[in-house]
Amino acid sequence: MSCTATETQIQEREDFYDSPYLAEHYDLFSARFWEPERLDARKAHDPTSTHPFIVLDVGTGSGRVLSGLVLGACQDAQVDLADDDIEFVGLDVSPHMLSRAAETRPIPRGICTSWVLGSALDLRAIPLLKGGDAVKVDFLVFAAGGIAHLVDAGQTEAFLREVAAVLQPGSGRAFVSFMNAVMDSADEESIDPVKEQQELPSGKFPGIVYRTINASSEIVGKTHIDRRDILVIKKETDGSERVLERNTISTRLASWSPEEFAGMVQATGLEIVDTIKERVETYYALKLRG
Ligand SMILES: C[S@@+](CC[C@H](N)C(=O)[O-])C[C@H]1O[C@@H](n2cnc3c(N)ncnc32)[C@H](O)[C@@H]1O
């Protein structure tokens, strides 16, 4: 089998959500590590409430978690999604991930769901949340270790301040996850998905496979750096291969210890009410203090 690099575009990318190929690659990659999401917004829903019930998935990516929450709620006879005032919002900075969410996650008709381009650092700018105190978030998620993308100085605290500003006092909950392998207490047993060398066939682009090579990670201070090359390869019918793109990815992730994160939560007026440790990630359930 020959592999030629002619016509290859070398793409230097900070993250791996930054093209239609990479958006599909993320879904194929994550399906190998994330169990179906076990979060359930139904427990937090009070049908007698006079406020709209708002579910916000920050860093929604391709909508895996948000669509799971919508479908979970649809199966519950207690929740009348068409009649109750319930809104689902998926927020992300990557237009490619949002396009994939809209394209691949069917939302039943009549369910208020929007895919919104925006930042975790500016939750108050989400159009739905501009109504001030009358419109607060009841159930917020930042899944799959996405918070670690807030790696520059002060960003984790800035996000937590945004959470505190938009969360429903009392009953509102925010579920924030860290990858076990990235948190600054990672034990040898932690599964690190990034270290897997793999080849994943595209379901969307005929003849395309995604091949990950040269995966490595290092810790510099409080930053965990993942590096890998993701090749987009066209397999021809004669068995030869053509490299269409070589994505040289370098992802910087914030690596806090559980104690450091707890300190930031405390300083921003929130408190941790539960810790859910799973195989690959750990969720912290947060509420407003007081
Ligand atoms: C690990 S993926 C998680 C995707 C999805 N929530 C899931 O569980 O499959 C992290 C996502 O966070 C997004 N992201 C990174 N920085 C962000 C920011 N500042 N604001 C909003 N989204 C961000 C990325 O574009 C990516 O889609």
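Up top is the structure these notes are about.
All values derive from a computational prediction rather than experimental measurement.

This paragraph deals with the sheet that holds strand 12 (residues 270–277). Strand order in this open sheet of seven strands is 5-4-3-6-7-13-12, and the pairing throughout is mixed. In the strand order of this sheet, the two ends are held by strand 5 (112–117) and strand 12, each with one partner. On average, each strand axis in the sheet is tilted by 20° relative to the strand beside it, whichever way the strands run. Where strand 12 meets strand 13 (residues 281–288), seven bridges bridge the pair, whose relative direction is antiparallel. Following the sheet pairing, Ile-272 is matched in strand 13 by Leu-286. In this fold helix 3 (residues 95–104) packs onto strand 4 (86–92) and strand 5, with an angle of close to 160° to the strand it touches most, strand 5. Contacting strand 6 (139–142), strand 7 (173–179), strand 12 and strand 13, helix 4 (residues 155–166) crosses the sheet at an angle of about 105° to strand 12.

With that settled, consider the environment of Val-70. Take Val-70: it is sitting in helix 2 (residues 64–74). Residues Val-70 and Thr-113, 43 residues apart in the sequence, show an inter-C-alpha distance of 8.6 Å. Each residue touching Val-70, except ones within four places of it in the same chain, is listed here: Phe-88, Ile-107, Ile-111 and Thr-113.

This part is about the pairing of strand 4. By the criterion of burial, strand 4 is predominantly enclosed, with six of the seven residues buried. Bridging between strand 3 (residues 53–58) and strand 4 involves six bridges; their strand directions are parallel. Bridge pairing in strand 4 links Asp-57 to Gly-90. With six bridges joining them, strand 4 and strand 5 adopt parallel strand pairing. The partner of Glu-87 across the bridge, within strand 5, is Cys-112.

The rules behind these values
- Residues numbered from 1 in each chain as written.
- Predicted model: local features only at pLDDT ≥ 70, side-chain atom pairs only at ≥ 80, totals over all residues.
- Pairing = 2+ DSSP bridges.
- Helix = DSSP H or I, 4+ residues; strand = E, 2+ residues; numbered from the N terminus.
- Axes fitted to C-alpha atoms, helices over the stretch in contact; angles between N-to-C directions.
- Contact = placed C-beta atoms within 7 Å.
- Buried ≥ 20, exposed ≤ 12 C-beta atoms within 10 Å, placed from the backbone.

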